[in-house]
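Observations on the three-dimensional arrangement
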Amino acid sequence: MTTEGSPLPGGAPRRVAYTTNLYVGGVAAVGLCLTAAAIRIDGITVDATLGVVLLLAVLSMLLGSVESEGGRTLVSLSAIVMLAAMALVGPAGAGIVGMLVGPFDAGRAPLRARIFNSGMFAIMGVVGGCAYVVAGGRPGETPWPRGTSQIAFEIGIPLLVADVVQFAVNLVLLALVVRLAVGVSMRTQVGQIATSSGPAQIGYGIIAFIMVVLWGPARLGSASVFLILPPLLAAQWAYRQYAEERKGHDRALEVLVAAVEAKAPHLIGHSTRVAELSASMAEHLGLRAQAVADARVAGMLHDLGLTTLPTGMVRSTGVLGGRGLRGYPARGVRLLTGLSFLAGALDAIGHHRDAVTPTTGTPAEFSIPTMVVGLADEYDLLTEVGTPDGVLIPKEDALALLRRTPAGRDSLLRALEHALSLRAEVSS
Amino acid sequence: MTRVLPAAHLLRAWAVLAVGVAVLVGSLYGVGGNLPSLLLAHWLTVVVFVIAIVVGELLRLRMPSGRSAAPLASASALALVFLGRIDGEPVFDVPAGFVVLVVAAALLVPSAIRVSRGGAVGLELVAARVVGVAVAAGVARGFAPTSRSLWALEVERAVSAWAVALGMVAVAAVGISVELVLSAAVRSESQRTPWLAALRDEFGEAAPLTFAVVASGPMVALMAPVLGLLSLPVALFPLAITYVAVDRYVQNRVTYRQTIATLSHLTEHGGYTPAGHAERVADLSLRIGRVLGLADRELRDLEYAALLHDLGQISLIEPIPAGATVLAAPADQRDIADEGARIIRHVEGLDTVADYVEAQTTPYRQVRELGEEVPMASRIIKVANAFDDLTGGTDDAAQVRVANERIHLGLGYQYDPEVVEALAVATSDTTVGRVEERQPVGR
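None of the values given here were measured: they were computed from a predicted structure. (Residues numbered from 1 in each chain as written. Chains lettered and ligands numbered in written order. Predicted model: local features only at pLDDT ≥ 70, side-chain atom pairs only at ≥ 80, totals over all residues. Heavy atoms only, no water.)

Before going further, it helps to spend a moment on the confidence of the model for chain A. Residues and elements named next belong to chain A. Chain-level statistics for chain A give a pLDDT mean of 82 and a share of 88% at 70 or above. A low-confidence stretch, residues 7–13 (pLDDT under 50), is modelled with 12 contacts involving residues beyond four sequence positions or located in other chains. Taken as a whole, residues 68–72 scores under 50 in pLDDT and shows six contacts with residues more than four places along the chain or in a different chain. (pLDDT = per-residue confidence, 0-100. Contact = heavy atoms within 4.5 Å.)

Turning next to the packing of helix H3 (residues 77–88) of chain A against helix H5 (residues 111–134) of chain A. Residues and elements named next belong to chain A. One can describe the packing of H3 onto H5 by two numbers: an axis separation of 9 Å at closest approach and a directional angle of 40°. Judged by the angle between their axes, H3 and H5 are oblique. The hand of the H3/H5 crossing is right-handed. Along the contact surface, H3 presents Met 82, Met 86 and Ala 87, while H5 presents Phe 121, Met 124, Gly 125, Gly 128, Gly 129 and Tyr 132. Considering only residue class, the contact of H3 with H5 consists of six nonpolar, three polar and no charged. (Axes fitted to C-alpha atoms, helices over the stretch in contact; angles between N-to-C directions. Helix = DSSP H or I, 4+ residues; strand = E, 2+ residues; numbered from the N terminus. Parallel < 35°, antiparallel > 145°, perpendicular 65-115°, else oblique. Left-handed = near helix turned anticlockwise from the far one by under 90°. Nonpolar A, V, L, I, M, F, W, Y, C, P; charged D, E, K, R; others polar.)

The next thing to look at is the nonpolar core. By size, the foremost hydrophobic cluster in this structure holds 138 residues, and its most contacted members are Phe116(A), Leu214(A), Phe82(B) and Val99(B). Ranked by residues supplied to this core, first place goes to helix H10 (residues 207–227) of chain B with 13 residues. Core analysis: the next-biggest nonpolar cluster, separate from the first, contains 78 residues, Tyr256(B), Leu286(B), Ile344(B) and Tyr415(B) among them. (Core = buried A, V, L, I, M, F, W, Y, C linked by side-chain atoms within 4.5 Å. Buried < 20%, exposed > 50% of the residue type's maximum accessible area, 1.4 Å probe, protein only.)

Moving on: the interface of chain B and chain A. Taken together, the 63 residues of chain B in the interface contact 59 residues of chain A. Across the chain B/chain A interface, buried area totals approximately 5200 Å², and carbon plus sulfur atoms make up 70% of it. On inspection of chain B and its partner chain A, the count reaches zero salt bridges. Inspection of the region where chain B meets chain A yields 10 residue pairs in polar contact (both at pLDDT 80 or more). Elements with a minimum of two residues in the side of chain B that touches chain A: helix H8 (161–191), H10, helix H11 (231–235), helix H12 (237–269), helix H14 (296–307) and helix H15 (330–345) of chain B. Among the elements that take part in the side of chain B that touches chain A, H12(B) stands out by supplying 21 residues, more than any other. (Buried area = accessible area lost by both parts, 1.4 Å probe. Salt bridge = Lys/Arg side-chain N within 4 Å of Asp/Glu carboxyl O. Polar contact = N/O pair within 3.5 Å; in protein donor to acceptor, adjacent residues only side chain to side chain.)

As a further point, take the packing of aromatic side chains. Residue and element names in this part refer to chain A. The final tally for this structure, using the stated rule, is four aromatic pairs over all chains. Ring geometry for Tyr 23 against Phe 116: centres 5.9 Å apart, planes inclined by 40°, an arrangement best described as tilted. You can see Tyr 23 sitting in helix H1 (residues 14–42) and its partner Phe 116 sitting in helix H5, a full 93 residues away along the chain. Like Phe 116, Tyr 23 is buried. (Phe/Tyr/Trp six-rings, centres within 6.5 Å; stacked < 30°, edge-to-face > 60°.)

Have a look at this one:
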């Protein structure tokens, strides 16, 4: 459920737009019909409970959800409210709640995505609510179950079943829309969403369970909301603080680059270009996500050691073959050794020069990220930075020179050319 | 060295400890001979809650300001305060003193573990928590304005559940407040920081976390009549999520600081500034900042600015002798500060830090005579930097005295008298403004 509302990409190719629109319309219509049917068949009691649940739905819309890296939802109030609605007001109520919270779940989203989410959430609410009843739950009925085992069997297990069922509905509907709009295979989609938000989904189930137990059996009614909200808001607060600190931390890395550029003004822009090229090459070579990130950060910080050398020397000597600058990669490593999150990038920072320095003896073995950063660095130095007197050489000559270095393997050079053509595409 | 009792001169710490001991003695006296029979009747409940409190204590969070919190233990202790009917167990009908004794015993177990590992334990802080719980338990179980206590109303279902819940939250808030006020008193005394600033840190820094604790304790007690002892782990689940989130935030703050510290090493590895200079200036600046009662966010930016105050030297063509900016010409000092600020400003979001770095060379005279706005953090860095340049980082008493004298000569002209006074306090005793055991214990 709201774990993964879909902000549909705006720029889907035209030929699939038609089927996607049809599908979105279909989901919205089914959601509406299912909710209407549930109201007709199961009936709905308009009472204080329904009112408070709807109020909560509105509240959760206003509070929004917190997302972390990669757009993963961390604390979603609307998910909890919808699950609680299944146990407190039944399938029809849950459908209404879903229809209400759906459009707002993905934050700022285009109208089409809002319509889709509204329909999807309504379907999830009604289907989940039915699953709750089938699994032995009696939504909103008094007397409430009492005692550990009765509560487990009449609220806990039904809620768990409802949670799993509505999440499955969520997965399928979402994977299908992404398949239609973007063309990513359904299996990959389902796998990705299930692993990224499965655990959170179980968490929502437990919190909804607490809310229902406090509301019904513990006789608290709607006051239960005031007890359950503070911890949730606190979690939300902490995740926001975390996200802010995270951003600050990324910025601190940029200060390191700014320090290099203050030391060596002729290298302005160089670190960023090398980082992008390295990451792009690493991706093309199919490295793991962590290795790609390491290659990027190593490309970013590969010249950090320069900052510890005398300014005059750095400014007058080109990095290319500059004898006085030989030791700077090792200096960079020494600076960064204490930083645990950079552990994977140190090898590339320390040996990127060696990987592109032709040797007469047996060439040493270098790791792939080290060679990637070395090639990206050397290529940028030859074609963009140039020698201290400003001599640049053309792309083809630079590639020919790189071929003679220890890192000049076919696969790596192909990755470099691929990354370069990608960059050219983006800039045009 | 293992520290259990507070230092002799810390009067507030001893006072809080004395109140804690008095509360324990009073509880023992109150429970008296019923202790064995109560323990026997409620052994499972007691065991479950003691385990929860011990585990929660071992999972302490160290907040950025240095104060630590054990939200899961605090919520469990509060839950015990209100516990009444428990499905499958006898009604937890015990005097307030019994609750206090159980909580105190549970709090002392992790302290003993820590001492056995050679860690420091502030018994006065344990006492503050016991007193807080005692106040809450006393009000909930002993205080009966309408012939029945809150606890009795809860068990007899004499009033509606929401009114009971409201009462519980209010009493929990009172108990937590007592604890926070006492620990702020103790902490501000040992760090020689203003009590009000300590109080603001205690209440403000993690206010959402405190609210969560205040709500979670009653939640356990309200669920226990229908869910039994299972209500403890279930109702603490949302708080556990919060715990994980806060922990991630705190850990990230640590790596952030490491990265900034790396920046300060750039000039050191290049031979522009003496080794460890930036770290020492940052440490001293922080301590002075605490003595002056700066808030957490300000302290963080102060620390970063102090670490980076010499960053501008990186683009100097020739290093200045031993990197001692206090000996450089004023115009050169300003250039270095401006260059450092320029580099930092490259990066969005560190503007305050850049401002602090930039203004660190402005003499105090310009504040006094021209009414120029110079942030307190910059004035602190100016003094701390001068002190470290003059002492060369030693804590040799003679050097410290000479440095203090030289800074005093610039009093009012170069340096802010208020900051210099705080410097004198900070250099007179190494514990001033220093947060104990920076590393989280038990993890």
